[in-house]
Amino acid sequence: MSLARSPHAWKMAGLVAVLAIALLLPVIAPDPATTNVAVFTVMYVGLATAWNIMGGYTGYISLGHAGFFGFGSYTLGLLLARLGMAGGYAPFLIVPVAGLATAALALGIGWFALRTRAATFVIVTIAFMFMLQLLAENLVGLTGGGGGLSYPVPPWGGDYFNTPFYYAMLALALLSLAISWRIRRSKFGLGLLAIRDDEDKALAVGVPTRAFKLTAFVISAALVGMIGGVYGYYVTYIYPQFVVDPLIGISMVLMVFLGGLGTLTGPVLGAVILEPAQLYLAYNYGASRLYLVFYAAVFLVVILVLPRGIVPSLGRLVSDRRARAGPSAPAAAKAVAR
Amino acid sequence: MSLLRIESLSKRFGGVVAVDDCSLDVAPGSITGLIGPNGSGKTTVFNLVTGFIPKDSGSVSFKARTIDGLGPDRIYALGIGRTFQLARIFPRLTALENMLVPVRRKGLRALFSGAAWSHEKERAMEMLEFLDISHVASTLGGELSYGQRKLLELGAVMMAEPELVLLDEPAGGVNPALLERIGDRIRRLNARGITFLLVEHNMSFVMNLCSEVVVLHRGRPIASGRPAHVRSDPAVLDAYLGA
């Protein structure tokens, strides 16, 4: 079968190309301005992908994931301070601990929050986020309060400064994607999609909905917490409103909606489109906070024009065209793995 | 020896007594019909038996073991399946995926492996063929006709091999040709050893299909027995026609 005829071969070739570019980016474009954009873009690829495991697959829209981001950030910073660890590569090895701590927190929050559904769940997650922000501000003895928390400064510098952070973010983004892919194709993932479609019906056919939702929530939060940790180390100084920032939570959601809710590649696409655009606007018109208007505009356009997101809309276009060209691929084979 | 035994079941919603000291038995291998005027508590009995709402008092046992206090997913795992009024299926999953959701697997590792093992897929396709809807296997649930959804829901609930299936209005809103097919498939599944308890308003459907009929009125049974016997019971006529 020739390459042009096989969508699978095309997909693999595309995947390898994208991965090669991602891995070689700091070599191709080593200037700090570019790698800085790359660090944040890859960070949001990871965040959006992790958020999608909960929001996309189970349909539970959390607007409070910035709470987990900030919690992971504070956990890593405090651990490094307590351990008296100097800047270097070793702090990256502590990142999974921040992930575990965030998972434990998400287990507790999810235990309560997942007793609610739909709009109530959204509001509960927002409330938890602001509670965490207030705690970070007021537990001055622990977190330093509004004065913020400093991370150790890495010993490397110059053009190379961003590079290790880029690879750390990339590793976490790839981990998120691998987990998201695995879940999407698993029996567990099918149960999550069933919950998204009709939770009571899912329960009636034996899906242990509470355990499934909680598992997805914890996995999603742990990934976001780890990314928050790397972020804190990258910016070297954090304070409550800066890491428990509602805009970070909104951004991941917007990226997923733009790219395609519940799809594997949608969150990646959404992040790659929106984050560089947001940084461009923030750096060039930062003082006016014009990017907030831009975000609102994108949200409106997505909801009015592309309510399903880019990836599902394109998929629909392709399958419609194929259907018009005549039936070809065996339908039963495509019935499960979409 | 009954497969399902309901004893002194009661449930009130505020001031309304929906189910009132209701006792009934479902014999293994039977197709038992639960009939009664609107608001007589039939669907509430279903919701109580399958653990969707908590009961006020009474007890339910399945195969001589109590299932009181268990959640719907656990009750389904024990072998009691149910369908809903107005056919509930997963609209954004394909028909085949709808069939695979109820399939049970043991162990954590099995949960994180592929969504469709080949023998599971085979069984699902067999069931779709049995119901004459295998041609829509890759169609999204939301794009199916109402009749196809009814059949799909029935097929999906069979995938975990339940011993007892509770059907809530299997004939509701269905055209006569499809009604015949649904009745025929229920009878054939019953011949394979599956017991049915069904709520239904279509009397000719109930009288033709059921081996046992229980009449509920104001939350409690007022008559039970063979269809022909129940039909001529004066208390039943009174409940349907009188005050």
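The structure presented is a predicted model; accordingly, all values stated were derived computationally and were not measured.

1. Points about the overall build of chain B
Then, in step 1: For chain B, the helix and strand inventory stands at 10 helices and 10 strands.
Then, in step 2: By the compact-globule yardstick of 18 Å for 243 residues, chain B fits well, its C-alpha radius of gyration being 18 Å.
Then, in step 3: If one aligns the C-alpha atoms of chain B with their principal axes, the spans along those axes are about 55 × 40 × 35 Å.
Then, in step 4: Out of the 243 residues in chain B, the part that is buried amounts to 45%.
Then, in step 5: Across chain B, the fraction of contacts at a sequence separation of at least 24, relative to all contacts at a separation of at least 6, is 69%.

2. Quick word on the packing of helix H2 (residues 32–55) of chain A against helix H7 (residues 163–184) of chain A
Residue and element names in this part refer to chain A.
Then, in step 1: It is at 8 Å that the axes of H2 and H7 come closest, and there the two elements cross at 20°. Classed by the angle they form, the pair H2 and H7 counts as roughly parallel. For the element pair H2 and H7, the recorded crossing hand is left-handed. The segment H2 lies against H7, with Thr35, Ala38, Val39, Val42, Met43, Val45, Gly46, Thr49, Ala50, Asn52 and Ile53 engaging Thr163, Phe165, Tyr166, Met169, Leu170, Leu172, Ala173, Ser176, Leu177, Ser180 and Ile183.
Then, in step 2: Looking at the contact of H2 with H7, its residues break down into 15 nonpolar, 7 polar and no charged.

3. Regarding the sheet that holds strand E1 (residues 4–13) of chain B
All names here are of chain B.
Then, in step 1: Strand order in this open sheet of 4 strands is E2-E1-E4-E5, and the pairing throughout is antiparallel. Looking at the sheet topology across the chains shown, the edges are occupied by strand E2 (16–26) and strand E5 (65–66).
Then, in step 2: Its contacts with the sheet place helix H1 (residues 42–49) against E1, E2 and strand E4 (57–62), and it is angled at close to 70° to E2.

4. Considerations on the domain arrangement of chain A
All names here are of chain A.
Then, in step 1: Entries for chain A in the domain assignment read domain 1 (1–30) and domain 2 (33–244).
Then, in step 2: Measuring from the centre of the C-alpha atoms in domain 1 to the corresponding centre in domain 2 gives 28 Å.
Then, in step 3: With 5 residues of domain 1 in contact, the opposing surface of domain 2 contributes 7 residues.
Then, in step 4: The residue makeup of the side of domain 1 that touches domain 2, split by class, is 5 nonpolar, no polar and no charged.

5. So, the sheet that holds strand E6 (residues 80–82) of chain B
Note: strands within a sheet are paired through backbone hydrogen bonds, in either parallel or antiparallel orientation.
Residues and elements named next belong to chain B.
Then, in step 1: Across the sheet, 6 strands lie side by side as E6-E7-E8-E3-E9-E10; this open sheet has mixed pairing. Strand pairing shows two members of the sheet lacking a second neighbour, E6 and strand E10 (220–225), which therefore form its edges. Between one strand axis and the next, the sheet turns by 20° as a mean value, whatever way the strands run.
Then, in step 2: Pairing of strand E7 (residues 164–168) with strand E8 (residues 195–199) involves 5 bridges; the strand directions are parallel.

6. Focus on the confidence of the model for chain A
Then, in step 1: On average, residues of chain A carry a pLDDT of 90, and 94% of them reach 70 or more.
Then, in step 2: For the stretch residues 328–334 of chain A, pLDDT sits under 50, and the model shows 6 contacts to residues farther than four places along the chain or on other chains.

7. A closer look at the nonpolar core
Residue and element names in this part refer to chain A.
Then, in step 1: Judged by nonpolar contacts, the single largest core of 162 residues is most densely connected at Met169, Ile227 and Val230.
Then, in step 2: A per-element tally of this core places helix H10 (residues 209–235) first, with 14 residues.
Then, in step 3: Contact partners of Met169, with chain neighbours within four places excluded, come to Val39, Val42, Met43, Gly46 and Val230.

8. Focus on H2 of chain A
Then, in step 1: Here H2 of chain A contains 24 residues, and its C-alpha end-to-end distance of 33 Å stays within 8% of the 34 Å for a straight helix at 1.5 Å per residue.
Then, in step 2: Counting buried positions over the 24 residues of H2 of chain A gives 19, a clear majority of the element.

9. Some words on the interface of chain B and chain A
Then, in step 1: Taken together, the contacts link 31 residues of chain B with 26 residues of chain A.
Then, in step 2: Those elements that place two or more of their residues in the side of chain B that touches chain A are helix H2 (72–78), helix H3 (95–100), helix H4 (108–111) and helix H6 (146–158) of chain B.

10. Concerning the confidence of the model for chain B
If pLDDT is low for a region, its predicted coordinates should not be looked at in detail.
Residue and element names in this part refer to chain B.
Then, in step 1: When pLDDT is averaged along chain B, the result is 92, and 99% of the positions lie at 70 or above.
Then, in step 2: Mean pLDDT across the secondary structure elements of chain B bottoms out at helix H10 (residues 234–241), with 79, and peaks at H3, with 97.
Then, in step 3: This prediction of the complex comes with two scores: 0.91 for pTM and 0.90 for ipTM.

11. Focus on unusual backbone geometry
Residue and element names in this part refer to chain B.
Then, in step 1: Residues other than glycine seldom take positive phi values, yet Ser8 does so here, at roughly 45°.
Then, in step 2: With respect to the element layout, Ser8 can be found in strand E1.
Then, in step 3: For Ala64, which is not a glycine, the phi torsion comes out positive at approximately 65°.
Then, in step 4: Locating Ala64 in the fold gives a position in the loop between E4 and E5.

12. Topic: H7 of chain A
Residues and elements named next belong to chain A.
Then, in step 1: When the terminal C-alpha atoms of H7 are compared, their 31 Å separation across 22 residues agrees well with the 32 Å that a helix rising 1.5 Å per residue should span.
Then, in step 2: Looking at H7, one finds that the buried residues are Phe165, Tyr166, Ala168, Met169, Leu170, Leu172, Ala173, Ser176, Ser180, Ile183 and Arg184.
Then, in step 3: Packed against the buried residues of H7 are helix H1 (7–28), H2, helix H4 (90–113), helix H8 (187–197) and H10.

13. Focus: the pairing of E7 of chain B
All names here are of chain B.
Then, in step 1: Among the 5 residues that make up E7, 5 are buried, leaving the element largely enclosed by the rest of the structure.
Then, in step 2: By the bridge criterion, 3 bridges tie E6 to E7 in an arrangement that is parallel. Residue pairing in the sheet places Ile80 in a bridge with Leu164 of E7.
Then, in step 3: Crossover handedness for the path E7 to helix H7 (residues 176–191) to E8: right-handed.

14. Quick word on the environment of Thr43 of chain B
Then, in step 1: As for its placement among the helices and strands, Thr43 of chain B is situated in helix H1.
Then, in step 2: In sequence terms Thr43 of chain B and Phe84 of chain B are 41 residues apart; their C-alpha atoms lie 9.1 Å from each other.

Rules used throughout
- Residues numbered from 1 in each chain as written.
- Chains lettered and ligands numbered in written order.
- Predicted model: local features only at pLDDT ≥ 70, side-chain atom pairs only at ≥ 80, totals over all residues.
- Helix = DSSP H or I, 4+ residues; strand = E, 2+ residues; numbered from the N terminus.
- Rg over C-alpha atoms; globule rule 2.2 N^0.38 Å.
- Buried ≥ 20, exposed ≤ 12 C-beta atoms within 10 Å, placed from the backbone.
- Contact = placed C-beta atoms within 7 Å.
- Axes fitted to C-alpha atoms, helices over the stretch in contact; angles between N-to-C directions.
- Parallel < 35°, antiparallel > 145°, perpendicular 65-115°, else oblique.
- Left-handed = near helix turned anticlockwise from the far one by under 90°.
- Nonpolar A, V, L, I, M, F, W, Y, C, P; charged D, E, K, R; others polar.
- Pairing = 2+ DSSP bridges.
- Domains from an automatic or database assignment.
- pLDDT = per-residue confidence, 0-100.
- Core = buried A, V, L, I, M, F, W, Y, C linked by C-beta atoms within 7 Å.
- Expected span 1.5 Å × (residues − 1).
- Right-handed = clockwise from strand over helix to strand, strands pointing away.

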